[in-house]
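Architecture and fold: a report
Each chain, written out:
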Amino acid sequence: MTEEKRVAAPAGRSAPTRGGGRALAPVRLGQVEAPRVERLRTGIGEFDRVLGGGVVPGSLVLIGGAPGIGKSTLTTAALANLAAAGRRVLYISGEESAAQVKLRAERLGPHALEVPIVADTDLEAVLATLETERPDVCVVDSVQVLYDPGLTGAPGSVSQVREVAGRLMRVAKSRGIATLLVGHVTKEGSLAGPRVLEHLVDCVLSFEGERERTYRTLRALKNRFGSTNEVGVFEMHEEGLVEVEDASARFVTEATRAPGSVVLCAMEGSRPLLVEVQALVAPGELVPPRRVANGVDRNRLALVLAVLARHGGFSLGSADVFVSVAGGVRVDEPGADLAIALALASAAKGISVGSDKPLAAFGELGLTGELRHVAHADRRVAEARKFGLERIVQPGERVGTLRAALAVLNSSIEGGAAAAGKAADAQAA
Ligand code: TYD
Ligand code: MG
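Residues numbered from 1 in each chain as written. Chains lettered and ligands numbered in written order. Predicted model: local features only at pLDDT ≥ 70, side-chain atom pairs only at ≥ 80, totals over all residues. Heavy atoms only, no water.

Before going further, it helps to spend a moment on the pattern of salt bridges. Under the definition given, this model contains 19 salt bridges. The partner of Arg167 in a salt bridge is Glu124, with the nearest N and O atoms 3.0 Å apart. One end of the pair, Arg167, is in helix H5 (residues 158–175); the other, Glu124, is in helix H4 (residues 123–133), with 43 residues separating them in the sequence. Glu124 gets classed as partly exposed once you look at its relative accessible area, which sits at 37%. Ionic pairing is found between Glu131 and Arg134, a salt bridge with its closest N-O pair at 4.0 Å. Here Arg134 falls in the partly exposed class, since its relative accessible area comes to 40%. By sharing partners, the salt bridges in this structure join Glu124, Asp148 and Arg167 into a single network. (Salt bridge = Lys/Arg side-chain N within 4 Å of Asp/Glu carboxyl O. Helix = DSSP H or I, 4+ residues; strand = E, 2+ residues; numbered from the N terminus. Buried < 20%, exposed > 50% of the residue type's maximum accessible area, 1.4 Å probe, protein only.)

Next comes the structure, spelled out in structure tokens:
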């Protein structure tokens, strides 16, 4: 709860209109003039794609993410490329001193050192700087540390963040300055800020990943100028964030083919992505048993477990169950169900479903044990084939139910591919 002062109510408030307003003339949408603006390319392919083809001049983009995920690194690298392409850029750092930002820039290469910086937290000073510098693109890192001395709240409080963003927006729109606002979100999303800004800005990007892992994903939660389905994959290296263009290839080569491993043909927006789903089923000591999901929704896992028990003949009862998407990637789509189910069944039986290549799967599980079609089946299959995965389990005429899909476990045994797996013979078998 934050206290806000109410402005004195104007006289004659009860009347429906106070008069003096000028009526506006509606225009048919088709006749509205909308000049085609050229987008500013950041030169970071994955970033541009998530933005919908680059930054729109004068737009406000909020990049949220947990501390240490790489927001400053990504935005600095973007400004470096824009500066190298001859754009006017400005980095406004409220969080770190100019010297600290320089240390980071040194790791990012020579272009990054060309980026002009101001380090201040006073909103008035920042706005005045924007007015005189008039950059094409600026980064505000972060929106939570700027403050307006005219307001009572502490920096980062709801009223401050809203005011800061609102005034930055007015300057950005009137001067055509594309503004990238960096905002922190904690795991609980508790820090005031990004949430109250979502309706205000044109584009909300979320930078996700586990700090301990190298893979990072950038996804759009809202985009007035593009699709919200796009996802960019990055890897954190010594010398900054590196785009992972062929993420599928990376994840497929890393797939283990051991019992409990299945490759999921996922769709990340318009792009198919192959990721390895791993499952582990172990004797549990706790009641209730542990159900741990990394990279997939916990509720999805619960649903898959229930369907497996009821319609697949795999009751994992008191066993501890772990499911994770390798590489720290998140998949949030129903098409992941079948791969999770197969990984679990394979882990429970201790039978590998892969042969010399991993098994690929996708499809949604219905509550009655049926397999449901998911969007872009052809593109998922094409992606799997591209990386040499010929064995693909997907919803179709031959495989209409979970039970039918689970037959791949048996065929793996008959094929002799799982001789080692059979010896391992898990307790759930
Ligand atoms: P940073 O961009 O400062 O994160 P944020 O602004 O989101 O808080 O960087 C995050 C981490 O990345 C930091 O702990 C150090 C690491 N890092 C690298 O591994 N390589 C690099 O080249 C850079 C610049 C940072
Ligand atoms: Mg930072």
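Below, the discussion takes up unusual backbone geometry. Backbone torsion omega between Asp141 and Ser142 reads 0 degrees, so that peptide bond is classified as cis. The step from Val287 to Pro288 runs through a cis peptide bond, and the omega angle for that step is -5 degrees. Inspection of the secondary structure assignment puts Pro288 in the loop between strand S11 (271–282) and strand S12 (291–294). Unlike most non-glycine residues, His376 shows phi in positive territory, near 60 degrees. Tracing the backbone through its elements, the reader meets His376 in the loop between strand S16 (371–372) and helix H10 (377–386). Its relative accessible area of 36% is what places His376 among the partly exposed residues.

With respect to the helices and strands, Arg219 occurs in strand S7 (residues 215–223). Look at Arg219 and you get buried, because its relative accessible area is 14%. Separated by 3.4 Å, the side chain of Arg219 and the backbone oxygen of Arg330 make a polar contact. In this view, Arg219 contacts Val50, Val204, Leu205, Ser206, Glu208, Glu230, Val231, Glu268 and Arg330; residues no more than four positions away in its chain are not counted. (Polar contact = N/O pair within 3.5 Å; in protein donor to acceptor, adjacent residues only side chain to side chain. Contact = heavy atoms within 4.5 Å.)

The next thing to look at is the sheet that holds S12. What the six strands build is an open sheet, ordered S12-S13-S11-S10-S14-S17; its pairing is mixed. Looking at strand neighbours, the two that pair on one side only are S12 and strand S17 (392–393), the edges of this open sheet. Examined bridge by bridge, S11 and strand S13 (residues 320–325) share six bridges and lie antiparallel to one another. The residue of S13 that forms the bridge with Gln278 is Ser324. (Pairing = 2+ DSSP bridges.)

Our focus in this paragraph is the nonpolar core. Counting 65 residues, the largest nonpolar core has Leu264, Val323, Ile340, Leu342, Leu344 and Val393 as its most contacted members. For this core, the element with the highest residue contribution is helix H9 (residues 337–349), accounting for ten residues. Residues contacting Leu342, with those up to four places away along its chain left out, are Val262, Leu359, Ala361, Val393, Ala405, Leu406 and Val408. Counting 32 residues, the second-largest nonpolar core is a separate cluster that includes Ile63, Leu74, Ala220 and Phe234. (Core = buried A, V, L, I, M, F, W, Y, C linked by side-chain atoms within 4.5 Å.)

Around ligand 1 sit 14 residues in total, of which Ser72, Thr73, Arg104, His237 and Gly240 are the nearest. Between ligand 1 and Thr73, the relevant distance is 2.5 Å, taken from an oxygen atom to a side-chain nitrogen or oxygen of the residue. The separation between an oxygen atom of ligand 1 and a polar main-chain atom of Gly240 is 2.6 Å. For ligand 1, whose free accessible area comes to 560 Å², the fraction covered by protein is 77%. Ranked by the residues each element gives to the shell around ligand 1, the list is headed by helix H2 (residues 71–84), at three residues. Of the residues contributing to the shell around ligand 1, the split by class is three nonpolar, six polar and five charged. (Near = heavy atom within 4 Å. Areas by Shrake-Rupley, 256 points an atom, 1.4 Å probe, with all protein chains shown as cover. Nonpolar A, V, L, I, M, F, W, Y, C, P; charged D, E, K, R; others polar.)

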